[in-house]
Amino acid sequence: MATKKKTSNRQNSSLYTMDVFIVGGPVKDDFIEQNPVISRTIEIQGNQTLENLHHEIFGAFEREEEHMYEFQIGGRGPNDPNAKRYGLSEDGDGKASKTTIESLKLKTDDIFGYCFDFGDEWWHQINVISVKKDVPIGNYPKVIKKVGESPPQYPD
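Here the residue index of a chain counts from 1 through its sequence in written order. Restriction of local features to residues with pLDDT of at least 70 applies here, the model being predicted, together with a cutoff of 80 or more for giving and counting side-chain atom pairs; totals for whole chains, interfaces and linings are based on all residues. The side-chain values count all of the structure's non-hydrogen atoms but skip hydrogen atoms and water molecules.

Points about the pattern of salt bridges
Thinking step 1. One speaks of a salt bridge when a side-chain nitrogen belonging to Lys or Arg is within 4 Å of a carboxyl oxygen belonging to Asp or Glu. One pass over the full model with this rule turns up 2 salt bridges.
Thinking step 2. Glu70 serves as the salt-bridge partner of Arg85, at 2.8 Å between the closest nitrogen and oxygen. Of this pair, Arg85 sits in strand β5 (residues 84–87) while Glu70 sits in strand β4 (residues 69–73), and the two are 15 residues apart along the sequence.
Thinking step 3. For Lys107, the salt bridge identified is with Asp110, shortest N-O distance 3.7 Å. Secondary structure counts use DSSP, requiring at least four H or I residues in a row for a helix and at least two E residues in a row for a strand, with both numbered from the N terminus.

Rendered as C-alpha cells:
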C-alpha cells in the first residue's frame, strides 16, 4: 500500500475541502446499481501537494496497487484537453510532488480531474467545496465523509 505523508497544521495555510467522485472506470453494472454515487470528501492543507492528495484518494478508495496518475487542473472537469496536467514526472505542466494545493489558486466551486491507472482509466471529478483560512488542529489530508462502497480496483 502507498505511504502517505500526514502533516499537522504547523504553518499558516488554508484548508481545502474537496469531494472526489468516481465518474469512470471498470465498475460492473450491478455494483453501480447498488452504489449510484461513489465519493469521498477530503480535507487537505494548501501547503500540501497533489501527491499528498493522490495518496489520500488511493487510500480512501481502498486501492491495492500503485499506478501512474495525473491531475488535470483549469479545465472543465475530467479529461479536458485544455487543462494543465500534473503527474509523476514533469512531462506535463508540472510534477505532482512539487505542486502545492495553494499554488493552483483553487476557489470554492472549482472542478478538476484526476485519472488513476492509465490502463483501466479510473476517472474522478474533484469539486472544491470550500477554502477556509482557519485550520483546526489535526493531521491532514484526511477523509471526512464516504458515500458508497469502494469498487474493487480489479473487478475480474
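Now, onward.
Things to note about the packing of aromatic side chains
Centre distance and the angle of the planes are the two values used to describe a pair of aromatic rings.
Thinking step 1. Each Phe, Tyr or Trp ring, with Trp reduced to its six-membered ring, pairs with another whose centre is within 6.5 Å; inter-plane angles below 30 degrees give stacked pairs, above 60 give edge-to-face pairs, and intermediate values give tilted ones. Tallied over the full model, the rule gives 5 aromatic pairs.
Thinking step 2. Ring centres of Phe58 and Phe116 lie 5.8 Å apart, and the angle between their planes is 75°; on these two criteria the pair is classed as edge-to-face. Taken as a pair, Phe58 in helix α2 (residues 50–60) and Phe116 in strand β7 (residues 111–116) lie far apart in primary sequence, 58 residues in all.
Thinking step 3. Note on classification: 1.4 Å probe, protein chains only; a residue is buried when its accessible area is under 20% of the maximum for its type, exposed when over 50%, partly exposed between these limits. Taking relative accessible area as the criterion, Phe116 reaches 0% and is therefore assigned buried.
Thinking step 4. Considering the side-chain rings of Tyr69 and Phe71, the 6.0 Å spacing of their centres and the 80° angle between planes classify their relative orientation as edge-to-face.
Thinking step 5. Within the aromatic cluster, the residues linked to one another by ring pairs are Tyr69, Phe71, Phe112 and Tyr114.
Thinking step 6. Two conditions define a charge sitting above a ring: the NZ of Lys or the CZ of Arg must be within 6 Å of the ring centre, and it must be within 35 degrees of the ring normal. Here the basic side chain of Arg63 rests over the ring of Trp122, its NZ or CZ set 5.3 Å away from the ring centre.

Some thoughts on a nonpolar patch on the surface
Thinking step 1. Like-charged residues within 9 Å of one another, or nonpolar side chains (Val, Leu, Ile, Met, Phe, Trp, Tyr) within 5 Å, are grouped into patches, provided each residue has over 30% relative accessible area and no salt bridge. Areas reported here follow the Shrake-Rupley algorithm with a probe of radius 1.4 Å; residue values treat only the protein chains shown as occluding. A grouping of Met68, Leu88 and Phe118 is seen on the molecular surface, where their side chains present a nonpolar patch of about 270 Å² in accessible area.
Thinking step 2. Along the chain, Phe118 falls in the loop between β7 and β8 (122–132).
Thinking step 3. Its relative accessible area of 40% is what places Phe118 among the partly exposed residues.

Structural notes on the nonpolar core
Thinking step 1. The definition of a nonpolar core used throughout is a set of buried Ala, Val, Leu, Ile, Met, Phe, Trp, Tyr and Cys residues joined through side-chain atoms within 4.5 Å. Within the largest apolar cluster, 28 residues are counted, with the highest numbers of intra-cluster contacts made by Met18, Leu53, Ile57, Phe71, Leu106, Phe112 and Ile126.
Thinking step 2. The contact definition used throughout considers only heavy atoms, calling two residues in contact when any of these lie within 4.5 Å. Discounting chain neighbours no more than four positions away, the residues touching Leu106 are Tyr16, Met18, Ile73, Ile101, Phe112, Val128 and Val131.

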